[in-house]
Amino acid sequence: MGDPRAEAALLKHYRLQDPFPEAWSDPIEEAQIIQRKQSRASTSRYSILQEEGTSASLKGLVGGDAYSAGVIPEDEPDPLGTVGSVVRVLGKRGLPVRDNVRLRNRYLVSSKTFSPTAFLRDVHANTPSPTLQQGLNNLSTSIAQKSGSLKLLVESNFDRFVAAKGTIEGVYKEMKENSFLDKDRESEWGVGRIRGYLNDAGVKADELFGPAMRGRGREEGLRLALVVLEKHRVMLEMPGSLSECIKRKDYESLIEEYQKARSFLGESRKLVPAGGVAPIKEDHVHQLVIAETMWAEVTIAIEDFKRDTWKRLVECPTEGNLHMELIGILLELGVDDNPVWLWLISRYDYLKNRIVTIFERSRVEIEVLRRKIAEAPSPSPKSVAGHLRSPSRRAHVDSSKSLDTQLIISFWELVYSSLSALLSPSSGLVGELLSFQKTTQSFIDGDNLLPVGIDDQSRKHHRIDPYDVRKLQEGICELAIMIRDCLTKFYTEPPVEDISSMYSPIPATPLSANAPGQDPNFPPPGPSAPGAQAQKGEDEAYAFIPPGTNSLSGMHYMGKILVLTGNASVALCEMVGRFGRTGIADQFRAMVSGSRERAVLAVCAAWLRDAGNCKLLEDWTRAGDNRDVTRMPGLFGAFEREVISGMQAIVYLDKVVRSDGSVIPPPSAKLLSHVRAQFVRSLYKSLQGMVENAKKPLDLDAWDEDQTDLASPVTSVAPRNLTAYSVDSKDKNVRILLTLSNLQLLRNDVVPELIGVFENAFSVKLTDESKTIRDAQSQIDAQLFEEYTKPLVSSLSDTIRLGVLSPTWPPPPGKLATSVRPYIYTALLSLVLVHSQITTTAPSLTHPILSYLLETVSEELLEAFKQRRKFSLGELLQAALDVEFVNQTLSQYNTPRASELQQGVYVELDRGSDAEARLGLREGLGGMKKILGELRGGSRAEFLCFRAKKSSSKKAAANAEG
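Residues numbered from 1 in each chain as written. Predicted model: local features only at pLDDT ≥ 70, side-chain atom pairs only at ≥ 80, totals over all residues. Heavy atoms only, no water.

(A) Representation of the overall build of the chain in the model. Counting secondary structure elements, the chain contains 32 helices and 0 strands. By the burial criterion, 46% of the 962 residues in the chain qualify as buried. Contacts in the chain between residues far apart in sequence, at least 24 positions, make up 79% of those at least 6 positions apart. Surface exposure of the chain reaches about 49400 Å², of which carbon and sulfur atoms provide 53%. (Helix = DSSP H or I, 4+ residues; strand = E, 2+ residues; numbered from the N terminus. Buried < 20%, exposed > 50% of the residue type's maximum accessible area, 1.4 Å probe, protein only. Contact = heavy atoms within 4.5 Å. Areas by Shrake-Rupley, 256 points an atom, 1.4 Å probe, with all protein chains shown as cover.)

(B) Structural detail: helix 29 (residues 896-912). Here helix 29 spans 24 Å end to end across 17 residues, near enough to the 24 Å set by a 1.5 Å rise per residue. Listed in full, the buried residues belonging to helix 29 are Ala898, Leu901, Gln902, Val905, Glu908, Leu909 and Gly912. The buried residues of helix 29 occupy an angular sector of 115° when projected down its axis, which confines them to one face. Away from the buried face of helix 29 by more than 90 degrees, exposed residues Pro896, Glu900, Gln903 and Arg911 are located. Along its buried surface, helix 29 packs onto helix 27 (846-868) and helix 28 (873-889). (Expected span 1.5 Å × (residues − 1). Arc of directions from axis to C-beta.)

(C) Structural detail: the pattern of salt bridges. The full count for this structure, using the stated rule, is 27 salt bridges. Across the pair Lys352 and Glu478 runs a salt bridge whose closest N-O atoms are separated by 3.3 Å. Pair noted here: Lys352 is in helix 15 (residues 339-375) and Glu478 is in helix 19 (residues 466-492), with a separation of 126 residues, a long-range link. The residue Glu859 makes a salt bridge to Arg897 at a minimum N-O spacing of 3.5 Å. You can see Glu859 sitting in helix 27 and its partner Arg897 sitting in helix 29, a full 38 residues away along the chain. For Glu859, a relative accessible area of 30% corresponds to the partly exposed category. Salt bridges linked by common partners bring Glu367, Arg370 and Arg371 together as one network. (Salt bridge = Lys/Arg side-chain N within 4 Å of Asp/Glu carboxyl O.)

(D) Quick look at the packing of aromatic side chains. Inspection of the entire model under this criterion finds 21 aromatic pairs. When the ring of Trp343 is compared with that of Phe443, the centres are 6.4 Å apart and the planes differ by 65°; the resulting orientation is edge-to-face. Linking Trp343 in helix 15 with Phe443 in helix 18 (residues 429-445), this pair joins segments that are 100 residues apart in sequence. On the basis of relative accessibility, which here comes to 0%, the residue Trp343 falls in the buried class. By relative accessible area, Phe443 is classed as buried at 3%. Measuring from ring centre to ring centre gives 6.2 Å for Phe885 and Phe943, while their planes differ by 75°; the resulting arrangement is edge-to-face. Separated by 58 residues along the polypeptide, Phe885 in helix 28 and Phe943 in the loop between helix 31 (925-938) and helix 32 (953-961) bring together distant segments of the chain. Taking the relative accessible area as the measure of exposure, Phe943 reaches 5% and is therefore buried. Here Arg106 stacks its cationic end above the ring of Tyr107, 5.9 Å away from the centre of that ring. (Phe/Tyr/Trp six-rings, centres within 6.5 Å; stacked < 30°, edge-to-face > 60°. Lys NZ or Arg CZ within 6 Å of the ring centre and 35° of its normal.)

(E) Quick peek at unusual backbone geometry. Of note in the backbone geometry, Ser763 takes a positive phi value of approximately 55° without being a glycine. Here Ser763 shows up in the loop between helix 24 (732-762) and helix 25 (767-804). Even without being glycine, Arg869 reaches a positive phi, approximately 70°. Mapped onto the elements of the fold, Arg869 is located in the loop between helix 27 and helix 28.

(F) Main features of the environment of Ser553. Topologically, Ser553 is positioned in helix 20 (residues 551-577). Sequence spacing of Ser553 and Val643 is 90 residues, and the spatial spacing of their C-alpha atoms is 9.8 Å. Beyond its immediate sequence surroundings of up to four residues, Ser553 is in contact with Leu403, Asp404, Ile408, Ile409, Trp412 and Met558. At 2.8 Å, the side chain of Ser553 forms a polar contact with the side chain of Asp404. (Polar contact = N/O pair within 3.5 Å; in protein donor to acceptor, adjacent residues only side chain to side chain.)

(G) Local environment of the nonpolar core. Met558, Met647, Phe679, Phe762 and Phe865 are the most contacted members of the largest nonpolar core, which has 218 residues in total. With 15 residues, the top contributor of residues to this core is helix 20. In contact with Phe762, other than residues within four places in its own chain, are Ile644, Met647, Gln648, Val651, Tyr652, Leu672 and Val675. (Core = buried A, V, L, I, M, F, W, Y, C linked by side-chain atoms within 4.5 Å.)

(H) Spotlight on the packing of helix 12 (residues 251-271) against helix 13 (residues 282-314). Taken N-terminus to C-terminus, the directions of helix 12 and helix 13 make an angle of 150°; their axes are 9 Å apart at the nearest point. As helix 12 packs across helix 13, the resulting crossing turns out to be left-handed. Across the interface between the two elements, Tyr251, Leu254, Tyr258, Ala261, Arg262, Phe264, Leu265, Ser268, Arg269 and Leu271 of helix 12 pack against His284, Gln287, Leu288, Ala291, Glu292, Met294, Trp295, Val298, Ile302, Phe305 and Arg312 of helix 13. Here the residues of the contact of helix 12 with helix 13 are counted per class, giving 14 nonpolar, 3 polar and 4 charged. (Axes fitted to C-alpha atoms, helices over the stretch in contact; angles between N-to-C directions. Left-handed = near helix turned anticlockwise from the far one by under 90°. Nonpolar A, V, L, I, M, F, W, Y, C, P; charged D, E, K, R; others polar.)

(I) Up close: the side chain of Arg484. Within the element layout of this structure, Arg484 appears in helix 19. A polar atom in the side chain of Arg484 sits 3.1 Å from the side chain of Asp485. Setting aside its immediate chain neighbours within four residues, Arg484 contacts Gln587, Phe588 and Met591.

(J) Local environment of the side chain of Thr440. Structurally, Thr440 is set in helix 18. Ignoring any residue separated from it by four or fewer positions in sequence, one finds Thr440 in contact with Leu344, Leu472 and Ile476.

(K) Highlighting the confidence of the model for the chain. The predicted model of the chain averages 77 in pLDDT, with 75% of residues at 70 or higher. In the model, residues 702-721 has pLDDT below 50 throughout and makes 26 contacts with residues more than four positions away in sequence or in other chains. Segment residues 951-962: pLDDT under 50, and 4 contacts once partners within four positions in sequence are set aside and those in other chains are kept. (pLDDT = per-residue confidence, 0-100.)

(L) Quick peek at the packing of helix 23 (residues 669-695) against helix 25. Where helix 23 contacts helix 25, the axes come no closer than 10 Å and their chain directions differ by 5°. Overall, the two elements helix 23 and helix 25 adopt an arrangement that is roughly parallel. Residues Arg676, Phe679, Val680, Leu683, Tyr684, Leu687, Gln688, Val691, Ala694 and Lys695 of helix 23 form the contact with helix 25, whose own contacting residues are Glu769, Thr772, Ile773, Ala776, Gln777, Ile780, Gln783, Leu784 and Glu787. The residue makeup of the contact of helix 23 with helix 25, split by class, is 11 nonpolar, 4 polar and 4 charged. (Parallel < 35°, antiparallel > 145°, perpendicular 65-115°, else oblique.)

(M) Up close: the environment of Leu829. Structurally, Leu829 can be placed in helix 26 (residues 822-841). Note: C-alpha distance between Leu829 and Glu942 (113 residues apart in sequence) is 7.8 Å.

Quick look at the structure:
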């Protein structure tokens, strides 16, 4: 150092022997050492008493080191009441208090050298503030209790002490005056007896005054500690206040208390400068020790709170403002890491893991239920019919539960809920991703008001580095592509093989997870769990389609699922488009197109299967608005309209919320062509089912397939006890007639309407398809018509041919015909039965069927007369009478072909007769007409049903043309 005087002043101020000491000594201890040296250097008139044999009690009275070494106990309990041994606590801290008496006395309140600063610093270095506060209260109470007894003890013995002191001084004075001390040595001569007396007195004094003096020293030490603690009560209470704020989640008060603590610490440190030259006050040292203790506890509490806040921030969702609150708290308290960046990265990791977890878990859940459906028994025909009738009940029952079986509906609901958890913009992961992107952008743009912290320490965390911004944007795009890849797997890949994770003991947390307990839709693990072979039942398995689903439930749910897919794709493409990543839209467009095509193919397959099951819609009950037909055409029309509407929604996805850069491509021509072809096939297959129903019905309740029809042609009679709308479905003729009537209604009304609905829905013209459908209807109609009339034609043919070719058919020789032959009556009466059956079953078919049968009768008469070849006059008149009777009786059912055949009969008769017979015929026409009139009048009652009704003649003619 340069100036010797400055160096001397510095050494004197810090009481140092060396300006570069190896260890720092305690200034209080050094002051006590100096005081003791000064005391020894001075000559005391009581030095005679300071010998080795002097009693401990007197040493305590005069004070000094003798008192410290002889009276103070080796250990005592903590005056604050926290520990039982002060020396044991100091020994654990490594201080040699058991060997060093002077060092130990600094920590014992009964010692005159007791140091409150050292005591609090070393004994209570780790004692929390609430415990110190409690010790302060105990100390105050203890001092108040001991002060009274100490005062009383001192007052009662003070007179004795003064008298003893006066006697000692008198004796000492007398010895000096007599020069006694000059003759004898002071230590050996003249005081021997006195020393004995003094020793005895010392023992008594120690017994009397020792406790009082020790209590007085302890009281002074405790009072000093009490004053120090009371002075800094506010500082001691700060850690407790911080803990209370944390418990109450009162973060504003927490920040305020934390700032107060920092302020107190800063002020306390300024009072004891590290390199100053000013003297240090003991009060300042006390304040600094308490402030440092307080700050250590505050730091521990704040660090624990920060760790908890970091943990909560990492788990904090994007929704709400909790993450902003936690980020603000961390910035206010001051942190090294950027809480904004850490939260954004944690949300990215959460979304990435969540996408994989939800998708894979959902795939397994869906596959488990799909296998269960594959192994379940097929639904009964009655159940299938009930589901196919659901569109006609839609006005009365607005529920998708009736569209299919409970298991299949559960499957669809599971698929929809699983994809909603992933794709819903409001409640799914796509919504979380969109919210995350908006929040991220707000941090990038600096739109959030964030605290700057203490001394602007947190301002550096307000901005995100451009490199980190690019990483965030790439991460968001990666999450969008992950969702797209999941959807591609879901729609295009076959069902998963491994479903063991469904039965894993490790709990999973999908959004579709249920409360504890086994979901009834999922079988427990074990022998009853569906095997992997269950998924091999179809030629092409779809992971998203339940086996055996019908087209109604398929289109209802696939429409919702594809709309969900489309809306999510549009939202994600708009999101990544803000980063300039327009190429991702092409990937989503390809995914949507492929997904739609797979869905359409799957649903079309179900549509064709349902078309084959449409025959189950026939319940052989007459329609309420048209008794000529059953309810079948109306049910079929409602079913087809529902399917066309649902297919249109799937193909065009018109319910998707579109944007300027739409990712929903128009349907391909190939896809539309497939739908058109499937529509035509469904109509044809449905019509074929009607034919099968007519030939062999399916009793949905208990129809025996081996049971034969009850009726035979021509002779069937409708059974009794039938309701107004029911028919005898076990009569094949009745079934065929009703089916023909149904086909007529389908051909004229229902199918043209369905074609129009399809053309409007898909903006196409089905010109070629319409012709194909009409041709198919004509073929099916002709097939059924022949099925009904073939037995009748065979019977009429046998009757007519046997009658005409019978040997009894010609009139007796020389006689003319006076009546028609019996075979004519037999044939006409069979037609009466046919007429009765038709009019009671399907009246609209009466005219076309009887017209056809008239043509058949005319043709059979022609063929029969051709076989006779030659006709006499009597035979010629008989043939003319038979033919004309049939023609006039069935005149209202006459057709151009029937007329042509009848003319052919007359030509054949003319060809087989000679001139004489032809002349006789012309001469006998008048008589024949008379006979014919009489015969018709006589048979009017039998053949009254064939007479035309004026009110329905026009309608009958129209039906015949149809």
